Amino acid sequence: NRPGRIDKSLYVTVSDCDVPLRLRMVGYVEPRERGVDELFPFDMGEGLRLESNFHAFGYLEHGKQVEHRIGFVNTSKNWIRVELRPQRLSGYIQVVMPERVAPDYKGDILLRYTLEEQSDVYGLLEDQFIFVVNGKDSYYPFSCQAIAVDNFDMVDDISAPRADISKKNIKFGDVKRRYATIEQSIELMNAGSSPLVLRAVASTSEALSADNVGVEVAPGQSATIVVRLDVGKIEDWDNPFVARLMLITNDPMRPMLSLRVNALPE
């Protein structure tokens, strides 16, 4: 299970020599043939298997589209009917897959995000589906995401804004159920030569948010961003709370700044 070049050495010490003897093995391990369960590890039921149930596209600039293909196979000996039931929709994704799949057929699911040039959408785009195969819901959800940012094709890197934050981690420490909302603040700084704009804020948890979206920071200046933890929305009180807050700006070099937030529910 570890194909590729190998170069290993072994040193042996013998009684009549002060210098260890080096034995060297050089070779190449050929990959073994992988089975269908390894190539398509996600069992969606009724013989349908996927090579992945998630894809992160990264940045999606205004006026552009991004695509990705995920392989699937029907391992059964029967035709199967497939539909996707939306659980969460951004409104900017297109998913293309046949409604009926022949026995032993292999193909691709096409995922395509498209964002208009004049769109005012920024931040995290998330989409999630449930596969329904022959009328039965799959065990695994199917999801993908992209981060909507400005179109930077015509931006002059020399005169562009440069975003940074005063700290990369926030620790709220011990939090109790009787707390409502607790806050800490960070500074959003602009080390560039043109105004920096905070386009959007996205979070991996509903309990975490921040203010000042739309603030414009002049070159050499900073703006205070208040980060809020809504204690009542923490779902798991048996484990430490860990989430990420993403700040989306018009910095072409780093459109997204990530802030790690943690707390200890009691």
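Heads up: these notes are all about the structure in this document. The shown structure was predicted, so the numbers you read here are calculated from the model rather than taken from an experiment.

### What to know about the overall build of the protein chain
Then, in step 1: On a plain count of helices and strands, the protein chain comes out with 1 helix and 21 strands.
Then, in step 2: In terms of C-alpha radius of gyration, the protein chain reaches 25 Å, well past the compact-globule figure of 18 Å for 266 residues.
Then, in step 3: With respect to the three principal axes, the spread of C-alpha positions in the protein chain is 70 × 65 × 50 Å.
Then, in step 4: Expressed as a percentage of its 266 residues, the buried residues of the protein chain come to 39%.
Then, in step 5: Taking contacts inside the protein chain between residues at least 6 apart in sequence as the whole, the part at least 24 apart equals 65%.
Then, in step 6: Accessible surface, the protein chain: about 15600 Å² in total, of which carbon and sulfur atoms supply 47%.
Then, in step 7: The average position of the 31 basic charges and that of the 39 acidic charges among the side chains of the protein chain differ by 5 Å.

### Quick look at the sheet that holds strand S16 (residues 196–203)
Then, in step 1: Ordered by their spatial adjacency, 5 strands build an open sheet running S14-S21-S20-S16-S18, and the pairing between neighbours is mixed. At either margin of the open sheet sits one strand with a lone partner, and together these are strand S14 (169–175) and strand S18 (216–217).

### So, the packing of aromatic side chains
What characterises a pair of aromatic rings is the spacing of the ring centres plus the angle enclosed by the ring planes.
Then, in step 1: In the structure shown here, the tally under the stated rule is 5 aromatic pairs.
Then, in step 2: Measuring from centroid to centroid gives 5.3 Å for Phe-42 and Tyr-140, while their planes differ by 85°, and the two rings are edge-to-face. Residue Phe-42 is found in strand S3 (residues 42–45), and its partner Tyr-140 is found in strand S12 (residues 136–149); the two are separated by 98 residues along the sequence.
Then, in step 3: The exposure class of Phe-42 is partly exposed, given its relative accessible area of 22%.
Then, in step 4: One aromatic cluster is present, formed by Phe-42, Tyr-139 and Tyr-140 through successive ring pairs.
Then, in step 5: Note that Arg-177 overlies the ring of Trp-237, its terminal NZ or CZ placed 4.4 Å from the centroid.

Reading the values: rules and limits
- All residue numbers here refer to positions counted from 1 along the written sequence of the relevant chain.
- A pLDDT threshold of at least 70 governs which residues receive local features in this predicted model, and a stricter bar of 80 or more applies before side-chain atom pairs are shown or counted, although totals over entire chains, interfaces and linings include all residues.
- The basis for every side-chain value is the complete set of non-hydrogen atoms in the structure, without hydrogens or water.
- Per the convention used, a helix needs a DSSP run of H or I reaching at least four residues, while a strand needs a run of E reaching at least two, with both numbered from the N terminus.
- The reference for a compact globule is 2.2 Å times residues^0.38; the radius of gyration itself is calculated from the C-alpha atoms.
- In this scheme, a residue with accessible area under 20% of its type's maximum is buried, one over 50% is exposed, and one in between is partly exposed, where area comes from a 1.4 Å probe on protein chains only.
- Here, two residues are considered to be in contact whenever any of their heavy atoms come within 4.5 Å of each other.
- Method for areas: the Shrake-Rupley scheme with a 1.4 Å probe, in which residue coverage is limited to the protein chains shown.
- The charged-residue count follows a simple rule in which Lys and Arg add positive charge and Asp and Glu add negative charge, with His and chain termini not counted at all.
- Charged side chains are reduced to one point each, which is NZ for Lys, CZ for Arg, CG for Asp and CD for Glu.
- A pair of strands is labelled paired if DSSP reports no fewer than 2 bridges between them.
- For Phe, Tyr and Trp, rings pair up if their centres lie within 6.5 Å, where Trp contributes its six-membered ring, and each pair is then called stacked (planes under 30 degrees apart), edge-to-face (over 60) or tilted (otherwise).
- A ring has a charge above it when a Lys NZ or an Arg CZ is no more than 6 Å from the ring centre and no more than 35 degrees off the ring normal.

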